[in-house]
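Chain residues, written in single-letter form:
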Amino acid sequence: METLREEEVIRLGEVRMKKMEERLTPFMEQAARDAARSAMQRLRLDMMAHISRHEETIKRLAKAALAENHIPR
């Protein structure tokens, strides 16, 4: 009788855990999607800032080259 109750308690616990897992899985999946989206957005902004710094350097070098070409020798 005691063993039967323990087995029933274990079975009910497993059923309850399974239900909780089923309810939480969509939330965890959404959280993972949101985190990935946020990380990609941060990466995109970092890359744009990096490219922008290079574009500014290229513009400065181009202006310096033009100025250098205008200096009489």
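Residues numbered from 1 in each chain as written. Predicted model: local features only at pLDDT ≥ 70, side-chain atom pairs only at ≥ 80, totals over all residues. Heavy atoms only, no water.

Peer 1: Give me the lowdown on the overall build of the protein, citing residues and values where you can.
Peer 2: The secondary structure content of the protein amounts to one helix and zero strands. Radius of gyration (C-alpha) of the protein: 31 Å, far over the 11 Å computed for a compact globule of 73 residues. Expressed along its principal axes, the backbone C-alpha trace of the protein runs to roughly 105 × 15 × 5 Å. Here the protein holds 73 residues, and the buried ones make up 0% of them. Counting only carbon and sulfur atoms, one obtains 63% of the accessible surface of the protein, whose full area is about 7300 Å². (Helix = DSSP H or I, 4+ residues; strand = E, 2+ residues; numbered from the N terminus. Rg over C-alpha atoms; globule rule 2.2 N^0.38 Å. Buried < 20%, exposed > 50% of the residue type's maximum accessible area, 1.4 Å probe, protein only. Areas by Shrake-Rupley, 256 points an atom, 1.4 Å probe, with all protein chains shown as cover.)

Peer 1: Explain the environment of His54 to me, and be specific about the residues and the numbers.
Peer 2: Looking at the element boundaries, His54 is found in helix 1 (residues 2–69). Taking C-alpha positions, His54 is 53 Å from Lys19, a pair spaced 35 residues apart along the chain.

Peer 1: Hey, could you go over a nonpolar patch on the surface for me, with residue numbers and the actual values?
Peer 2: A cluster of nonpolar side chains, contributed by Met17, Met20, Leu24, Phe27 and Met28, occupies part of the molecular surface with about 560 Å² of accessible area. Here Phe27 shows up in helix 1. In this structure Phe27 comes out as exposed when scored by relative accessible area, which is 59%. (Patch = residues over 30% accessible without salt bridge, like charges linked within 9 Å, V, L, I, M, F, W, Y side chains within 5 Å. Salt bridge = Lys/Arg side-chain N within 4 Å of Asp/Glu carboxyl O.)

Peer 1: Outline the pattern of salt bridges, listing residues and values.
Peer 2: This structure, assessed with the given rule, holds two salt bridges. Among the ionic pairs, Asp34 bridges to Arg37, the shortest N-O distance being 3.1 Å. Of the two residues, Asp34 and Arg37 are both situated in helix 1; the distance of three residues between them amounts to about one turn of the helix.

Peer 1: Could you give an account of the environment of Gln30, naming the residues involved and the relevant values?
Peer 2: By the element assignment, Gln30 lies in helix 1. Of the polar contacts made by the side chain of Gln30, one reaches the side chain of Arg33; its length is 2.8 Å. (Polar contact = N/O pair within 3.5 Å; in protein donor to acceptor, adjacent residues only side chain to side chain.)

Peer 1: Go over the environment of Ala65, please, and point to the residues and values.
Peer 2: Positionally, Ala65 belongs in helix 1. Look at Ala65 and you get partly exposed, because its relative accessible area is 37%. In this structure, the C-alpha to C-alpha distance between Ala65 and Glu29, residues 36 residues apart in sequence, is 54 Å.

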